[in-house]
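Fold and contact review
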There are 4 protein chains.
Amino acid sequence: MAEKEVRVAVVGGSGYAGGEILRLLLPHPEVRITQVTSESNRGKYVHQIHPNLRGQTGLRFCSAEDLRECDVLFSALPHGTFAERVADFSSMSTHLIDLSSDFRLKRDDLMQKFYNRSVRTAWAEHFTYGVSELYRTDIRNTRHIAGAGCLATASILGLYPLARAGYLSNTPIVIEAKVGSSAAGASPNLSTHHPERSGAMRSFQPTGHRHTAEIAEHLSAVSPHDICTTDIHFSATAVERIRGILITAHCFTENCPEKQDLWKMYRQTYAGEPFVRIVKERTGIYRYPDPKLLDGTNFCEVGFELDAETGRVVVMSALDNLVKGAAGGAVQAMNVLLDYEETTGLEFAGLHP
Amino acid sequence: MAEKEVRVAVVGGSGYAGGEILRLLLPHPEVRITQVTSESNRGKYVHQIHPNLRGQTGLRFCSAEDLRECDVLFSALPHGTFAERVADFSSMSTHLIDLSSDFRLKRDDLMQKFYNRSVRTAWAEHFTYGVSELYRTDIRNTRHIAGAGCLATASILGLYPLARAGYLSNTPIVIEAKVGSSAAGASPNLSTHHPERSGAMRSFQPTGHRHTAEIAEHLSAVSPHDICTTDIHFSATAVERIRGILITAHCFTENCPEKQDLWKMYRQTYAGEPFVRIVKERTGIYRYPDPKLLDGTNFCEVGFELDAETGRVVVMSALDNLVKGAAGGAVQAMNVLLDYEETTGLEFAGLHP
Amino acid sequence: MAEKEVRVAVVGGSGYAGGEILRLLLPHPEVRITQVTSESNRGKYVHQIHPNLRGQTGLRFCSAEDLRECDVLFSALPHGTFAERVADFSSMSTHLIDLSSDFRLKRDDLMQKFYNRSVRTAWAEHFTYGVSELYRTDIRNTRHIAGAGCLATASILGLYPLARAGYLSNTPIVIEAKVGSSAAGASPNLSTHHPERSGAMRSFQPTGHRHTAEIAEHLSAVSPHDICTTDIHFSATAVERIRGILITAHCFTENCPEKQDLWKMYRQTYAGEPFVRIVKERTGIYRYPDPKLLDGTNFCEVGFELDAETGRVVVMSALDNLVKGAAGGAVQAMNVLLDYEETTGLEFAGLHP
Amino acid sequence: MAEKEVRVAVVGGSGYAGGEILRLLLPHPEVRITQVTSESNRGKYVHQIHPNLRGQTGLRFCSAEDLRECDVLFSALPHGTFAERVADFSSMSTHLIDLSSDFRLKRDDLMQKFYNRSVRTAWAEHFTYGVSELYRTDIRNTRHIAGAGCLATASILGLYPLARAGYLSNTPIVIEAKVGSSAAGASPNLSTHHPERSGAMRSFQPTGHRHTAEIAEHLSAVSPHDICTTDIHFSATAVERIRGILITAHCFTENCPEKQDLWKMYRQTYAGEPFVRIVKERTGIYRYPDPKLLDGTNFCEVGFELDAETGRVVVMSALDNLVKGAAGGAVQAMNVLLDYEETTGLEFAGLHP
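About the criteria used
- Residues numbered from 1 in each chain as written.
- Chains lettered and ligands numbered in written order.
- Predicted model: local features only at pLDDT ≥ 70, side-chain atom pairs only at ≥ 80, totals over all residues.
- Helix = DSSP H or I, 4+ residues; strand = E, 2+ residues; numbered from the N terminus.
- Rg over C-alpha atoms; globule rule 2.2 N^0.38 Å.
- Buried ≥ 20, exposed ≤ 12 C-beta atoms within 10 Å, placed from the backbone.
- Least-squares fit on C-alpha atoms with pLDDT ≥ 70 in both.
- Contact = placed C-beta atoms within 7 Å.
- Domains from an automatic or database assignment.
- Nonpolar A, V, L, I, M, F, W, Y, C, P; charged D, E, K, R; others polar.
- Pairing = 2+ DSSP bridges.
- Axes fitted to C-alpha atoms, helices over the stretch in contact; angles between N-to-C directions.
- Expected span 1.5 Å × (residues − 1).
- Bend = angle between axes of the 7 residues up to and from the residue.
- Left-handed = near helix turned anticlockwise from the far one by under 90°.

The helix and strand inventory of chain A stands at 11 helices and 14 strands. For 353 residues, the compact-globule estimate of 2.2 N^0.38 gives 20 Å, and chain A sits close to it at 20 Å. Taken along the three principal axes of its C-alpha coordinates, chain A extends 60 × 45 × 40 Å. Per-residue burial for chain A yields a buried fraction of 61% across its 353 residues.

Have a look at this one:
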């Protein structure tokens, strides 16, 4: 305990994102996981639910009722549940890092439109949106963190350089997301039954996706002009993979940048970022981002192509929805918040092939 | 109705085998599907559950309580349920074709050992085991058919030539089965949840598999000597595929045949069989049986290799568990029973790639 | 020979589309395959290359030099090669059905822009674009057929109702295509090497895709106003599947139709079409088109969703690239041309799961 | 350079095993990669071939002709090539760690039988077989290491406890191996072309597999009695996965141990082993070893089941063929040889799901 002074509790630790928080933090040299909760698995060893952690930990799941004081509390509870219990959690832990959508939005109009409820303003102001690339300074000084949505993270990191440079205002942005099966969570149902899901190319949300709100709010925050949800045309398709998201975003810019300006924008925006890789090769099969290379890693790969004739910029952005799009992004934010080396615990380079 | 005089009812038609019976029989020129039952989907259109049948039929599921008289009743009810209701079904339909394990065995010792219950002798004698390649003459003269298990069908067709020639008595036979996910049925659970099942290589029954009993009983029936269940060492492994079974059987023959004798045995046994293909090529990537080529077809591919030094014959046998291993084998048996062309409705050649 | 009077030759029969032409035509009751060519496989049995045809044919590949007179010549030669030899082929066969891109375009400006060559006008006028749903009457009276591109077929059938009703003029259309591996053909290379290709989500043509030209020319042909290639923003992504295409098209209509008008348009356009299925369910996992259900079939499934707030119509369209997108669409066109029942040889309903 | 004093060269670094050596050693705190060779990729950046290493290294491939002195030379050259150049390499590097089969066997009879050539005795005596669990003491004192075959490693680690206790002499052992596609290497060919390989269940070596020799020689070394190659009945089947091996071994023991004795044997043998996990659960979906959990890790999972009636012990053993079965096992041996913490660089826990 001497060596790992910072005590971390993981609430809702039996799902896939919870499992990834554990995988990333168990070997983290600065923190110590003290408790993991799961009501339905109370008493079971953590490795019975997350078999990749066999031999990595002797922890057992406990009930949230048994939570003790800690320094950082990660929550992977379902949307809505975290917000209901935020006061309790806050009394137990200095810092809260929530992976649900409960505190991702600060704009009440968007919350009303996409979630049909109000922003809980009193609490919301203590939460900073957990995309470190956009909010690093804020995160350093925040109390709590609202982990970003996986599709939102991919979209935001793909479009951030264009937004920042003012290219995304008043112009339609079509975002097509391709998503693996783990994004639907750890509970089996007919749509994730292997004979039904395997080999699918299945549109599941062609219109009205909630992550539209996050994308609009947080890209607006870094853009000289507001970016409206009605300009973001988002659709999502389930494809064959367990992990991974690929965003293809078509941006119709008014004053289309030159290719070399695009390069410059992307390079400058992400210079020094440890987890964003610009991928744009002339040749080879991995010329553009591909989540296939990113399983288990905290990287977001970003690439682009320009259709000069029409002024369309096609941005591609790939990540592992459970890592950079959930647990990893949250751990990265924790590292920033607690002033650790930002990459601590997130060093896995990924596999090929 | 004039043209399709034979009325067929499908009981338990919402599962995967039930869906395949429908797919195969809807265009069958000699029969007409009059009713399909599913208690949980009562009132729904068949194509809502089996979306590949969109536009192929306007049938709706009804309850088994609403069953009317018919000529052939296919049952895809769970094991045990069919036997409980066989008297009822028999009063309604001239012929019963059951896909469960309820009447596959006639030997009480095997039923006791593997199913922990007795053979229902009075009914069992009216059922013929539905592997047409072994029991064609019996099927022509039977009243009812007990559809064979999918792994048993593959094993039996692979080993039949050796058994018939007397090579399989008093000698260990190790059968390793590789199985796709549809063999576990249409109900979702954690083991078939896509993120868990996708990419698995997972032993699920290394010992004590029930199909051992079928294999022993029906190979014994065609062998000069009895083949004991204790000589059949069966294990099953789930691998990534939706459909398909590959059996690899290692037979340790006392008086090992020469390679050309093996050829002769296999060729003679299966000469004229419309649905057994001997696959044994010198070159190419499809040198041995591969279920990849057999999705949707009624073929069983059989191949073999001889390890002359040790007298081991390795037999490989592949089929689609839902077709030749279930619905297709049953339709084939129906064709034999009703004296139709044996291949009617089963003409699909399969896809490559 | 009496019963199958129409003689068909298949040139370039060793690729995947060639194999599918054979699979579809071997059991076709009206035609007889007399020759199949492949220079590199000359002398080999057809089933050595297309192992699903084992037992279906005793044909061997011959050289194109050995071609004899026939009634219909299908060509699955590479783009460019067919055009070079069209005069020869035409002297040998009454009808030519070409699967390459050589005669898909009649507009020289598009051919110049996307293929950097001229339309061969003298020959082009004898070719009709092989999408029967658009050009059925023309096909009945044509001499030759230019089979449509797979991505173009999916896009055109998805958008045809909107185009016909005039909704697609002067408005951006973003088409995101998800594509299986067989679209890249039968020749191995690093990008199709299984360890590299399996599980990929890989953008391979974010801008400048050649099928844009086909889509523009043939949708313009059925639209009250011209549809420009600069309004069609096409991108293609390789995902994990062998067969199958899913198009997601985002159309920004000026005078957005109501949802029920969309329904009416789609229903009326495709009423009576044997191979287009409108798929748009309120519930269930197959609410929208999914190529998973279409392997081996000639169906194109079309669905849509309306984002009323922004006037965006999202059209989804799915098919098997080797069947409806190549060989099946060509056989369908042949059936129309030769006045056979349009569905002959194309009855396979597809598999679930 | 001060901190990483040990200089490592990787010869043949463009293949999959070579890539994994680089992935594991780049962050290894005790060594420094000084050179990586690939004749065909000379001059290219390492990350162009191994895109997961983007940002991890600025190394470029050089020619083997440019090799300089180093402390450890890893070779991932093809079988045969390493042996031809061992003298050269030995003059350049204190230690050689070879991943080919060239020095895995010491017994000339086995080398003659399975490889049709002689053991190069003068060199062979300086090589120790690189399975640390069997030869840890020898490896500490060896000069060079012969990395074990992937299928051999899985088989040997699965059977070691039984062999050591004398249960495997004079008794047939049937080993069925299921293998992912990366085992066939990085060069594309028709059998690994995605449309052909995807979804395959394909026997590729039902008899005569060369790894039989390694298994026999090295299990004999730890067994009280010799284990003959004629008692090891090995067959291998390609299934759908990129990485991963699952061995199912059926052992027919004369004096069958009790289940609890099996437990004891396995527990005692592997007590304290950092990379062998005994997996045998009563419930759950990961009751037995599954390579799905092991991608990228150096673990070998071993489980077993007893068929008490017949005395058959079914042993299951799973690993990642590129890590524990190649690069990882070699790095582990290097750690032992150089007296580092054995797990250094091999800490990745693996992913779920």
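There is more to say, and it comes next.
To continue, consider the relation of the copies chain D and chain C. Relating the two copies of this chain is a rotation about some axis coupled with a shift parallel to it. Here chain D sits on chain C after a turn of 180° about the axis and a move of 0.0 Å along it, with an RMSD of 0.0 Å. Viewed as a symmetry operation, the transformation between the two copies matches a two-fold axis. Taken together, the interface assignments show that 100% of the residues at the interface of chain D recur at the interface of chain C, consistent with an identical surface on both copies.

Residues and elements named next belong to chain A. Per the domain assignment, the segments making up chain A are domain 1 (6–148 + 324–337) and domain 2 (151–321). Using only C-alpha atoms to locate each centre, domain 1 and domain 2 end up separated by 24 Å. With 21 residues of domain 1 at the contact, the number on the domain 2 side is 28 residues. Secondary-structure elements contributing two or more residues to the side of domain 1 that touches domain 2 are α4 (108–115), α6 (132–140) and α11 (323–337). In terms of residue count, the dominant contributor to the side of domain 1 that touches domain 2 is α11 (six residues). Considered class by class, the residues forming the side of domain 1 that touches domain 2 number 10 nonpolar, six polar and five charged.

At the interface, 41 residues of chain A touch 41 residues of chain C. Those elements that place two or more of their residues in the side of chain A that touches chain C are β8 (173–179), α8 (194–197), β9 (201–205), β10 (232–239), β11 (245–252), β13 (300–307) and β14 (312–319) of chain A. Counted by class, the side of chain A that touches chain C contains 16 nonpolar, 13 polar and 12 charged residues.

For the match of chain A to chain C, the screw axis carries a shift of 0.0 Å, the RMSD comes to 0.0 Å, and the turn is 180°. When the interface residues of chain A are mapped onto chain C, 100% of them again fall at the interface, so both copies present the same face.

Following His352(A), the chain continues to Pro353(A) via a peptide bond in cis, the omega torsion being 5°. Relative to the helices and strands, Pro353(A) resides in the segment after α11. In this structure, Asp339(B) is a non-glycine residue whose phi angle is positive, near 65°. Given 9 C-beta atoms within 10 Å, Asp339(B) falls into the exposed group.

Looking now at the interface of chain D and chain C. Contact residues are listed per partner, giving 12 residues for chain D and 12 residues for chain C. Grouping the amino acids of the side of chain D that touches chain C by side-chain chemistry returns four nonpolar, seven polar and one charged.

It is worth spelling out the sheet that holds β8(A) at this point. Residue and element names in this part refer to chain A. The sheet built from seven strands is open, its strands ordered β9-β10-β8-β11-β14-β13-β12 with mixed pairing. Across the chains shown, the open sheet's two edge strands, defined by having one partner strand only, are β9 and β12 (276–278). Adjacent strand axes in the sheet meet at a mean angle of 20°, parallel and antiparallel pairs treated alike. Bridge count between β12 and β13: three bridges; the pairing is parallel. Bridge assignment links Arg277 to a residue of β13, and that residue is Glu301.

This part is about the pairing of strand β2 (residues 31–37) of chain B. Residue and element names in this part refer to chain B. Here β2 lies mainly inside the structure; five of its seven residues are buried. Judged from the five bridges that link them, strand β1 (residues 6–11) and β2 form a sheet pairing that is parallel. By the bridge assignment for β2, Val6 is matched with Val31. Of the strand pairs in this sheet, β2 and strand β3 (residues 61–62) are connected by two bridges, and their pairing is parallel. For Val36, the partnering residue across the bridge sits in β3 and is Phe61.

Residues and elements named next belong to chain D. One open sheet accounts for seven strands, arranged β3-β2-β1-β4-β5-β7-β6; its pairing is parallel. Of all strands in the sheet, those with a lone pairing partner are β3 (61–62) and β6 (127–129), marking the two edges. As defined by bridge partners, strand β4 (residues 70–75) adjoins strand β5 (residues 93–98) across five bridges and the pair is classed as parallel. Its bridge partner lying in β5, Phe74 is registered against Ile97. Set on the sheet, helix α3 (residues 81–92) makes contact with β4 and β5; between it and β5 the angle comes to about 150°. Helix α11 (residues 323–337) contacts β4, β5 and β7 (144–146) of the sheet and is inclined by roughly 150° relative to β5.

Further remarks concern α11(D). Residue and element names in this part refer to chain D. Relative to the 21 Å expected for 15 residues at 1.5 Å per residue, α11 spans just 18 Å between its end C-alpha atoms, considerably shorter than the ideal helical length. The largest bend in α11 is about 45°, located at Gly329. Counted residue by residue, α11 has 15 buried out of 15 residues, so it is predominantly covered. Asp339, located one to two residues past α11, shows a positive phi value of around 65°.

All names here are of chain A. Running from amino to carboxyl end, α6 crosses α11 at an angle of 35°, the nearest separation of the two axes being 9 Å. Seen along the crossing, α6 lies across α11 with a hand that is right-handed. Facing Ser132, Arg136, Ile139 and Arg140 of α6, the residues of α11 in contact are Gln332, Ala333, Val336 and Leu337.

Another aspect to go through is the pairing of β13(A). Residues and elements named next belong to chain A. For β13, the tally of buried residues reaches seven of eight residues, placing the bulk of the element in the interior. Both β13 and β14 contribute to a ladder of eight bridges, which runs antiparallel. Opposite Glu305, over in β14, you have Val314 as the bridge partner. In this antiparallel pair of consecutive strands, β13 and β14, the connection spans four residues, and Gly311 shows a positive phi of 70°.

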